[in-house]
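If you want the building blocks of each chain, they are given just below.
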Amino acid sequence: MTEVEVWWGRIEQVRAEFADDLDPVEQQRLKAYVRAEDKARFLLGCTIVRRLLAHRLSLPPAKISLDRTCPECGKPHGKVRAEGAELSVTHSGDLVGVAISDRPVGLDVEKVDPGLDVAGVASISLSDAELAALPRNDERVHAFTTYWTRKEAIVKATGDGLRTDLRTITGAPNGFQVIQLTVDPGYVAALAVVSAEPPVVRTLSAQVLI
Ligand SMILES: CC(C)(COP(=O)(O)OP(=O)(O)OC[C@H]1O[C@@H](n2cnc3c(N)ncnc32)[C@H](O)[C@@H]1OP(=O)(O)O)[C@@H](O)C(=O)NCCC(=O)NCCS
Ligand SMILES: [Zn+2]
């Protein structure tokens, strides 16, 4: 059985003292964010990951070692890796999500932006068939964002990120399960997992970790 836990936090749950558990690389990234909400999203993502693993390993959150090395350039801005678990982190608007499993996972949440230039982003991310199927009415942004989160979840599960041409990803690739998750109104989220069978997904609130 493929099991995935998806933990959701909200930026108002952030407290400054969470930063004490970050490692020096994370501290540096935290410092580099200019906008308070970017700091809060990053800090909460780190905190959820650390506390989840701390609980599993019976260690203090600060003692968890995480590796975010980008395979492309070596900077610490890539997929979060830890021993003994597969992880994926996502943030948008007020929401921060962390998926954890023993299979490679990709999680993506997006706040639906009514002002989005759908034509512009769709032309670089959707296949011709998807473009043709995109509704022309007021469902358009929501429908586009749904495609986008599914594709992002897949490239986050592989770890390739936006190095992959999203136009070439249609439906679920062989060996992947992609599912839509229900989140707050105004947000769309998708989960991809490398698995031959549909996963059992448990949705949890990060409040209990905080
Ligand atoms: C990561 C990415 C797929 C999605 O980003 P997004 O939708 O803007 O943002 P999200 O909040 O959903 O996801 C960000 C999280 O994805 C994770 N991530 C970063 N790179 C990743 C990758 N290649 N694969 C999977 N997850 C990745 C990180 O955990 C990051 O959160 P954190 O830095 O706070 O820990 C996209 O930004 C990307 O591909 N970036 C890399 C682009 C690239 O190749 N750059 C070259 C750098 S040299
Ligand atoms: Zn890089």
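Residues numbered from 1 in each chain as written. Chains lettered and ligands numbered in written order. Predicted model: local features only at pLDDT ≥ 70, side-chain atom pairs only at ≥ 80, totals over all residues. Heavy atoms only, no water.

For this particular structure, what's the right way to read the packing of aromatic side chains?
Centre distance and the angle of the planes are the two values used to describe a pair of aromatic rings. In the structure shown here, the tally under the stated rule is two aromatic pairs. Taking the centre distance of 5.5 Å and the plane angle of 45° together, the rings of Tyr33 and Phe42 count as tilted. (Phe/Tyr/Trp six-rings, centres within 6.5 Å; stacked < 30°, edge-to-face > 60°.)

Explanation requested: the sheet that holds strand E5 (residues 176-181) in the structure shown.
Pairing between the strands of a sheet is mediated by backbone hydrogen bonds and can be parallel or antiparallel. Judged by pairing direction, the sheet is antiparallel, and its three strands sit side by side in the order E4-E6-E5 without closing on themselves. Looking at which strands have only one partner, the edges of the open sheet turn out to be strand E4 (105-111) and E5. Each adjacent strand pair in this sheet contributes to an overall mean axis angle of 15°, direction not counted. Inspection of the sheet shows E5 paired to strand E6 (residues 187-194) by six bridges, in the antiparallel sense. Residue pairing in the sheet places Gln180 in a bridge with Ala190 of E6. (Pairing = 2+ DSSP bridges. Helix = DSSP H or I, 4+ residues; strand = E, 2+ residues; numbered from the N terminus. Axes fitted to C-alpha atoms, helices over the stretch in contact; angles between N-to-C directions.)

What should I look at first to understand the nonpolar core in this one?
With 29 residues, the main nonpolar core has Ile48, Val49, Leu53 and Leu87 as its most contacted residues. When residues of this core are traced back to their parent elements, those giving at least two are helix H2 (36-57), strand E2 (86-92) and strand E3 (95-101). Considering each element in turn, this core owes the most residues, ten residues, to H2. Apart from the residues within four sequence positions on either side, Leu87 is in contact with Val49, Leu53, Lys79, Val80, Ala82, Val98, Ala99, Ile100 and Val105. (Core = buried A, V, L, I, M, F, W, Y, C linked by side-chain atoms within 4.5 Å. Buried < 20%, exposed > 50% of the residue type's maximum accessible area, 1.4 Å probe, protein only. Contact = heavy atoms within 4.5 Å.)

Explanation requested: the coordination of the zinc ion (ligand 2) in the structure shown.
When a metal holds four donors in a tetrahedron, each ideal angle between them is 109.5 degrees; when it holds six in an octahedron, the ideal angles are 90 or 180 degrees. Taken together, Cys70 (SG), Cys73 (SG) and His77 (NE2) make up the protein donors of the zinc ion (ligand 2), found 2.0 to 2.3 Å from the metal. Taken together, the four donor atoms surrounding the zinc ion (ligand 2) define angles of 101 to 121° at the centre, an arrangement classified as tetrahedral. Of note, the zinc ion (ligand 2) draws all its donor residues from one chain, in the sequence arrangement C-x2-C-x3-H. Under the relative-accessibility criterion, Cys73 is labelled partly exposed at 43%. When its relative accessible area of 44% is taken as the criterion, His77 is described as partly exposed. (Donors = N, O, S within 2.8 Å, 3.2 Å for Na, K, Ca; no water. Tetrahedral: all angles 85-135°; square planar, octahedral: opposite > 155°, others 65-115°.)

For this particular structure, what's the right way to read the site of ligand 1?
Around ligand 1, a shell composed of 22 residues is seen, among which Arg29, Thr90, His91, Gly159 and Leu162 lie nearest. One of the side-chain nitrogen or oxygen atoms of Asp108 is found 2.9 Å away from an oxygen atom of ligand 1. Relative to its unbound accessible surface of 900 Å², ligand 1 loses 76% to contact with the protein. Looking at the shell around ligand 1 residue by residue, the classes come out as six nonpolar, six polar and ten charged. (Near = heavy atom within 4 Å. Polar contact = N/O pair within 3.5 Å; in protein donor to acceptor, adjacent residues only side chain to side chain. Areas by Shrake-Rupley, 256 points an atom, 1.4 Å probe, with all protein chains shown as cover. Nonpolar A, V, L, I, M, F, W, Y, C, P; charged D, E, K, R; others polar.)

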